[in-house]
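# Fold and contact review
Spelled out, the chains give:
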Amino acid sequence: MKKFVLVVLAWLVVQAPAYAKLNVFACEPEWGALTRELAGDAAEVFVATSALQDPHHIQARPSLIAKIHRADMVVCTGADLEVGWLPVLLRRGANPKVLPGQPGYFEAAAHVPLLERPQRLDRSEGDVHPQGNPHIQTDPRNIYRVGQALAQRLMEIDPEHAAHYRVRWAAFSTRWQQAMQHWNALGAPLKGMPIVTHHKGWTYLVHWLQLNEVATLEPKPGIPPSSAHLQKLVALLKVKPARAIIRAPYQDPKPSEWLSAKTGTPAVVLPFTVGGTPQAKDLFTLFDDTLARLRKAAGVGTP
Amino acid sequence: MFKKHYLAVALALATSAHAADTTEQQRLQQLEAQLKQLQQTYQAQLQAMQQQIETLKKQAAAQSKAAVAAAPVTPAPAGDTTRANGFNPAISAVLTGTYANLSKDPEDYRLAGFVLGDEEVGPGSRGFSLGESELTLSATVDNWFYGQLTAALTPENEVELEEAYIQTLALPAGLTGKFGRFKSGIGYLNSQHSHVWDFVDEPLVYRAFFAGQYADDGVQLTWLAPTDTYLLIGGEVFRGDSYPVAGAAHDGQGTYTLFAKLGGDVGLSSSWQLGLGHLHGDAKERETDDLIFTGENSVNVVDFVWKWAPNGNTTVRNLKLQAEYFWDNEKGTYDGLGKVDLHRKGWYAQAVYQFMPRWRVGARYDELTPDKVPTALQGTALDAEGKTPRRSSVMLDYSNSEFSRVRLQFNRDESSGKADDQVYLQYTMSLGAHGAHSY
């Protein structure tokens, strides 16, 4: 018996370094990818949702409760994007480390100037978010801002690896800024491009590239497109033609394909987040692919 | 794993032994090489940092130029000023209303072989009726506790305190405690509020064994296992004042429950949860209609839920399968009628499918198996007279948004052995704070 206990103890000691990895629960793929960029081998990252799922509507599944229970840190968008499921996970997860207010709880939207803060807070305006539009990941400048804050937070939570996070952030931020210069150049010809979007999910992209969002397929945020509203859009697009009807991979293709068939405006799927298209494998290729697809729709050749 | 580590240690020892053999020269060379490597990494880091400073400088300069021309940006909400109502709890209200067309008089409703534990148990009233309007206040109390209060305002202008509990947030080792009045964790539907049900009415097993849902005053303790597969084990101690127990025997600790939940995912598209539950309690002079019972009750539940959505994306299509199986033992004496030892069973199974955004269809089947009663109890509510209560239901519902839903439902209800055709039209509307839904 004694021998057995000793062996078990020895095994635990040997195993300890494996558990020393920071366990991160990321709500969306973009924050999972960002955490991986900044933490590298120092963290084990679990991503709760995929690019094929609507981050507003996620089931608070038993598997997610089990995962959040063992997390050292939660990295989510915030701004009420996950209001329908994250509070249940946090309340049932029995993990005081990651509750709001703790260093283990990180909200990306808190580090970014939010757009479209509603003037009128009323549900007749659809599923509006009081703090502003939460889909911040479609602007690379926001990724930079969040990355900066996230690197700080990682150093705070895991001071043992602080130097590691500092070096990785330095390397990432340099690469990111170079990439942004490249993207800005690629995006320049898209300025003023008229587009129709499925959901108000592209506000930050529109703001960054100075696109012209003519209309949305959803009559109000979160309310599925109705045939009456789509009929109106057919009339509108005759007067104000657009270059593309944009949707995220998780959104129902039917409305945009219907409108595309009626008006001849191409329906375009943009990755929206990491994993949204086969090309968008990480944060860098996410914007590479977004711009490539937009440029193709706008009729701008590859450089 | 263990072996591997030993191997590593052995290797390390071997190499050090070998190193001792080598000349000082070689060691010096090694050290030099290491130093060089260190210098190189250090320089690379320095360069990266310098580059960053440069780009940041450039960016800052560009930003200050651009700031004048840039579009106005709403500042982050961090700058909110203090408000007196800043700490108000989240408030939500649920409004429901029903139109019912019942072919049999609901006053005559009975479940063959079971007493009705509460006078409200049944198919509801005919015509237009207001359902219970539910008012919920919830907030974190402080860094240790979360509190919730749910009051149901009945159409008869009464207030019923459905739930009023506090829950711990900061217990270690996966433990969570709950105190106050709350719905028991056993079964799948028991802890869910009626407005999130997929049908207008509760399954017959809940009517028969819990007179609706089991809620009582007490304490709950749960333990969440630190495993990738969800495993929750919990227990409760209650006053023992709700059907099937009564009289708050044992100085107000009359009932205990034990339950376990197991759950996980299958691929990207499916998830499941299996639950086991046991409730045991003493009834002391429990009155139902004209029957008075004193004795022991135990109810056991197995519940299973399976949810499917293509790639886990529930917005367009999704399917939910759900079934629960109950069995009980009621052992004791009915006043003036003699002893009983009843073993009864019941189950239901249902499927709800969202076939396009906003629209869902559902079907459900219910069945109860009563037990034979001693001669003295023949002719009472407990006597099923050889009948098997069963019910078949279909429903169609439409949700304009997450907050509103209209539902049409047909039941062929044979609770008493004779068929009652029931048609319901129901609305359920949520106001206020965006509630988060449990699985």
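Given the structure is predicted, the values throughout are model-derived calculations rather than measurements. Residue indices follow the written sequence of each chain, beginning from 1 at its first position. Here every chain gets a letter starting at A, and every ligand a number starting at 1, in the order they are written. Only residues with pLDDT of 70 or above have their local features reported here, since the model is predicted, and side-chain atom pairs are shown and tallied only from 80 upward, although totals for entire chains, interfaces and linings are computed over all residues. Note that the side-chain values use all heavy atoms of the structure and ignore hydrogens as well as water.

### A few points about the confidence of the model for chain A
All names here are of chain A. Just so we agree on the cut-off: Scored from 0 to 100, pLDDT reflects the predictor's confidence in each residue. Counting from the N terminus, the helices are DSSP H or I runs at least four residues long and the strands are E runs at least two residues long. Every residue pair with non-hydrogen atoms within 4.5 Å of one another is taken to be in contact.
Taken residue by residue, chain A gives an average pLDDT of 89. The fraction at 70 or more is 93%. Across chain A, element-level confidence peaks in strand 3 (residues 73-76) with a mean pLDDT of 96 and bottoms out in helix 1 (residues 2-19) with 51. A low-confidence stretch, residues 12-18 (pLDDT under 50), is modelled with three contacts involving residues beyond four sequence positions or located in other chains.

### Here we look at the state of the cysteines
Residue and element names in this part refer to chain A. Definition in use: Our working definition of a disulfide is a cysteine sulfur pair at a distance within 2.5 Å. Only protein chains enter the calculation, and the probe is 1.4 Å; a residue is then buried if its accessible area is under 20% of its type maximum, exposed if over 50%, and partly exposed in between.
One pass over the structure, following the stated rule, counts one disulfide over all chains. Here C27 is linked by a disulfide to C76, with a sulfur-sulfur distance of 1.9 Å. The disulfide joining C27 to C76 has a torsion of about 55 degrees about its S-S bond and is therefore right-handed. One end of the pair, C27, is in the loop between strand 1 (22-26) and helix 2 (29-39); the other, C76, is in strand 3, and 49 residues separate them in sequence. Across the pair, C76 and C27 agree in class, each one buried.

### Side note on the interface of chain A and chain B
Quick reminder of the rule: Throughout, the accessible surface (probe 1.4 Å) given up by two parts as they are put together, summed over both, is called the buried area. Whenever Lys or Arg places a side-chain nitrogen within 4 Å of a carboxyl oxygen from Asp or Glu, that contact is recorded as a salt bridge. For the purposes of these results, a polar contact is taken to be a pair of N or O atoms within 3.5 Å, where, inside protein, one atom must be able to donate a hydrogen and its partner to accept one; residues adjacent in sequence count only when each atom of the pair is a side-chain atom.
At the junction of the two partners, chain A supplies 52 residues and chain B supplies 61 residues. Summed over the three residues of chain A that lose the most area to chain B, namely P62, R91 and R123 of chain A, the buried surface amounts to 13% of that side. Taken together, the connections running from chain A to chain B amount to three salt bridges. Between D228 of chain B and R70 of chain A there is a salt bridge whose closest N-O contact spans 3.0 Å. Taken together, the links from chain A to chain B amount to 13 residue pairs in polar contact (both at pLDDT 80 or more). Secondary structure elements with two or more residues in the side of chain A that touches chain B: helix 1, helix 3 (62-69), helix 4 (86-92) and helix 6 (162-187) of chain A. Tallying contributions element by element places helix 6 of chain A first for the side of chain A that touches chain B, with eight residues.

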